[in-house]
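Secondary and tertiary structure notes
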Amino acid sequence: MANMSPKKLEMPVQDPTVRNGNFEEVALGYTLEMAQEEASRCLNCKNSPCVSGCPVNVNIPGFITEIQKGDFEKAYEVIHESSSLPAVCGRVCPQETQCEAKCVRGIKTESVGIGRLERFVADYHMTNSKEEVKVPESNGHKVAIVGAGPAGLTCAGDLAKKGYKVTVFEALHLAGGVLVYGIPEFRLPKAIVQKEIDTLKAMGVEVLTNMVIGKVISIDELFEDGFEAIFVGSGAGLPNFMNIPGENLKGVYSANEFLTRVNLMKAYKEGSDTPIHNSKSVAVFGGGNVAMDAARCAKRLGAENVYIVYRRGEEEMPARREEVEHAKEEGIIFKNLTNPVQILGEAGWVTGVECVEMELGEPDESGRRSPIVKEGSNFVLDIDCAIMAIGTSPNPLIRSTTKGLETNRRGCIITEEETGLTTREGVYAGGDAVTGAATVILAMGAGKKAAAAMDEYVQSK
């Protein structure tokens, strides 16, 4: 008999007044007993609607059933058949709009805590498994992956399972892409990411860092070196700005630079080689997960006042509800229906930002109500740091050095939706390089589709 409790079990977390001063993980994870209790809420529906909400099609009822039985290693095996990064997905996927949104329990009560259970299983495996990773039998073919982010790592994992010799080329000095430079330690510990990458390496995946494709070596040269198909998962690392006066002042960061300094280069540690300016009052412009991450990092770096400045209302924010709630608990100040018009400064440094109040009009093409300026509502926020978290675009390096690779007006690589095939034979792409900035799990889904298509392409040659 299923546990008919209307609410999912709360996730244990650090106290907000403690965690806003450290970079340790906020969510502490379910205990074994909690995981089994939450798993017992699953109805094990015959048509498994939750699976259709997962971009990588994890057998969700299958792994939850194994948790109910107490066979956590079997539960991990079920997840790992579809997902190469379960410990990551359990932490950062927007389950509330995907698998959990399809959960039958969620129609009248709260959905099953699928993401929390996935995290539990992955963490249990990492802590307790003594079994060595199996190296698949070689099929004699080799493929290249450009970018060691979630799309590239997923594609690499799926192809390695099929016996391919997989080489991943990563531009930065650490593999992981946005998982290491973008998402903060308190949401996704880097040791977790490294363990997932180590599992891929144990399967035979080779990871080469400091390899900027288009500069160190080109796509054409990779083919000349014998790679039979190439996947481009180079992400979207080119920051967008608002083009308002004052953006060139010292103390203005793109969220990419700010988060890379904090997460990848550990700017919060004493004596960091890549430091960050200690600010007292910070404004973050944007309403997505990146904005929440930047604001929460700024608070942990010692800022007294941290503002989220967003031109729409809270309901229109694209950030996960959990991230918004955590930010509020940690003392982040929300300035919704507010838009910056110019950044103010003295002697080259930021001293404030002039803003206007907004009101919502009719829905735009995205379905969200368009913000309209309230005339005469100008006011100034006193700040000494501004962070632009309004989106990113793909870096133009690969498209500018690869003949026959077509992109759209935003610089995103054009692909076939179901296969990831680009306009260049043998070259596939997915993730943020194709869609622009999106979620980790959507990038993983794209990597998975491309891996299947690449296998079909190579085997048919």
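See the structure above.
What you see is a predicted model, and the numbers here were worked out from it, not measured in a lab.

1. Some points on the overall build of the protein chain
If you tally the helices and strands in the protein chain, you get 17 helices and 16 strands. In terms of C-alpha radius of gyration, the protein chain reaches 23 Å, essentially the compact-globule figure of 23 Å for 461 residues. Judged by the C-alpha coordinates and their principal axes, the protein chain covers about 65 × 60 × 50 Å. Sorting the 461 residues of the protein chain into buried and exposed places 54% on the buried side. Pairs at least 24 apart in sequence give 69% of the contacts found in the protein chain among residues at least 6 apart. When the accessible area of the protein chain is evaluated, it comes to approximately 20300 Å², of which 50% is carbon and sulfur surface. On the protein chain, the mean spot of the 49 positive side-chain charges and the mean spot of the 63 negative ones are 2 Å from each other.

2. Quick word on the sheet that holds strand E7 (residues 281–285)
Reading across the sheet, the five strands line up as E6-E14-E7-E8-E9 and stay open at both edges, with parallel pairing between neighbours. The open sheet has two free edges, formed respectively by strand E6 (252–254) and strand E9 (333–336), since each of these has just one partner strand. Going across the sheet, the axis of each strand differs from the next one's by a mean of 20°, ignoring polarity. The sheet contact formed by E7 and strand E14 (residues 385–388) spans four bridges and is parallel. Bridge pairing in E14 places Ala 283 opposite Ala 386. In the packing of helix H13 (residues 289–300) onto the sheet, the strands contacted are E7, strand E8 (305–310), E9 and E14, and the crossing angle to E8 comes to about 165°.

3. Focus: the nonpolar core
Membership of the largest hydrophobic core comes to 74 residues, with the highest contact counts inside it found for Ile 60, Phe 63, Ile 64, Ile 67, Leu 117, Leu 159 and Val 166. Looking at this core element by element, the count peaks at 10 residues for helix H17 (residues 440–459). Excluding residues within four positions of it along the chain, Leu 159 makes contact with Val 143, Ile 145, Tyr 164, Val 166, Ala 451, Met 454 and Asp 455.

4. Comments concerning the packing of aromatic side chains
In this structure the tally under the stated criterion is eight aromatic pairs. Relative to Tyr 268, the ring of Phe 23 has its centre 4.0 Å away and its plane inclined at 10°; by these criteria the two rings are stacked. With Phe 23 in the loop between helix H1 (16–19) and helix H2 (32–39) and Tyr 268 in the loop between helix H12 (255–264) and E7, this residue pair connects regions lying 245 residues apart in the sequence. A relative accessible area of 26% places Tyr 268 in the partly exposed class. Relative to Phe 258, the ring of Tyr 253 has its centre 5.7 Å away and its plane inclined at 65°; by these criteria the two rings are edge-to-face. As far as the burial class goes, Tyr 253 and Phe 258 line up, both buried. Within the aromatic cluster, the residues linked to one another by ring pairs are Phe 23, Phe 186 and Tyr 268. In this structure, Lys 142 is placed above the aromatic ring of Phe 227, and the distance from its NZ or CZ to the ring centre is 4.4 Å.

5. Comments concerning empty space enclosed by the protein
All told, the structure shown has four cavities of 30 Å³ or more when counted by the stated rule. Its volume calculated, the largest cavity comes out at about 140 Å³. In this structure, the largest cavity is lined by 15 residues; those nearest its centre are Cys 54, Val 58, Cys 93, Cys 99 and Glu 118. Of all the secondary structure elements, the ones that give two or more residues to the lining of the largest cavity are helix H4 (60–69) and helix H7 (114–128).

6. Looking at the sheet that holds strand E16 (residues 427–429)
Sheet architecture is open: five strands sit in the order E3-E2-E1-E4-E16, paired in parallel fashion. Both edges of this open sheet fall to strand E3 (206–208) and E16, since each of them pairs with a single strand only. Put simply, the sheet's adjacent strands are angled 20° from each other on average, direction ignored. Across three bridges, the pairing between strand E2 (residues 165–169) and E3 is parallel. Bridging from a neighbouring strand, Thr 167 pairs with Glu 206 of E3. Across the sheet, H17 touches strand E1 (142–146), strand E4 (230–232) and E16, and the angle it forms with E4 is around 160°.

7. A short note on the side chain of Arg 320
Inspection of the secondary structure puts Arg 320 in the loop between E8 and helix H14 (321–329). Using a relative accessible area of 7% as the deciding quantity, one classes Arg 320 as buried. At a separation of 3.4 Å, a polar atom in the side chain of Arg 320 contacts the main-chain carbonyl oxygen of Cys 93. Non-local contacts of Arg 320, meaning those with residues more than four positions away in its chain, are made with Arg 91, Val 92, Cys 93, Pro 94, Gln 95, Glu 96, Arg 187 and Asn 289.

8. Things to note about the pattern of salt bridges
Counted by the stated rule, this structure contains 30 salt bridges. Across the pair Arg 91 and Glu 25 runs a salt bridge whose closest N-O atoms are separated by 2.8 Å. On the criterion of sequence distance, the pair formed by Arg 91 in helix H6 (residues 86–92) and Glu 25 in the loop between H1 and H2 is long-range, its members being 66 residues apart. Using a relative accessible area of 9% as the deciding quantity, one classes Arg 91 as buried. In this structure Glu 25 comes out as buried when scored by relative accessible area, which is 16%. Among the salt bridges present, the one from Lys 162 reaches Asp 455, with a minimum N-O distance of 4.0 Å. Placement of the pair is Lys 162 in the loop between helix H8 (150–161) and E2 and Asp 455 in helix H17, with a sequence separation of 293 residues. A relative accessible area of 41% means that Lys 162 is categorised as partly exposed. A single salt-bridge network, built from bridges that share partners, covers Arg 19, Glu 96, Arg 187, Asp 293, Arg 296, Arg 300, Arg 320, Glu 322, Glu 323, Glu 329 and Glu 330.

9. Overview of helix H10 (residues 190–202)
Here H10 spans 18 Å end to end across 13 residues, near enough to the 18 Å set by a 1.5 Å rise per residue. For H10, the complete set of buried residues consists of Lys 190, Ile 192, Val 193, Glu 196, Ile 197, Thr 199 and Leu 200. Structurally, H10 contributes buried residues whose contacts are with helix H5 (72–80), H6, H7, H8 and helix H9 (178–181). Of the residues one or two after H10, Gly 204 is the one with positive phi, at around 110°.

Reading the values: rules and limits
Residues numbered from 1 in each chain as written. Predicted model: local features only at pLDDT ≥ 70, side-chain atom pairs only at ≥ 80, totals over all residues. Heavy atoms only, no water. Helix = DSSP H or I, 4+ residues; strand = E, 2+ residues; numbered from the N terminus. Rg over C-alpha atoms; globule rule 2.2 N^0.38 Å. Buried < 20%, exposed > 50% of the residue type's maximum accessible area, 1.4 Å probe, protein only. Contact = heavy atoms within 4.5 Å. Areas by Shrake-Rupley, 256 points an atom, 1.4 Å probe, with all protein chains shown as cover. Lys, Arg positive; Asp, Glu negative; His and termini not counted. Charge placed at Lys NZ, Arg CZ, Asp CG, Glu CD. Pairing = 2+ DSSP bridges. Axes fitted to C-alpha atoms, helices over the stretch in contact; angles between N-to-C directions. Core = buried A, V, L, I, M, F, W, Y, C linked by side-chain atoms within 4.5 Å. Phe/Tyr/Trp six-rings, centres within 6.5 Å; stacked < 30°, edge-to-face > 60°. Lys NZ or Arg CZ within 6 Å of the ring centre and 35° of its normal. 1 Å grid on protein atoms, 1.4 Å probe; cavity = no way out; pocket = protein on both sides within 12 Å on 5 of 7 lines; lining within 4 Å. Points joined across faces, edges and corners; volume = space filled by probe spheres on them. Polar contact = N/O pair within 3.5 Å; in protein donor to acceptor, adjacent residues only side chain to side chain. Salt bridge = Lys/Arg side-chain N within 4 Å of Asp/Glu carboxyl O. Expected span 1.5 Å × (residues − 1).

Note that all results are geometric; they support no functional claim without further evidence.
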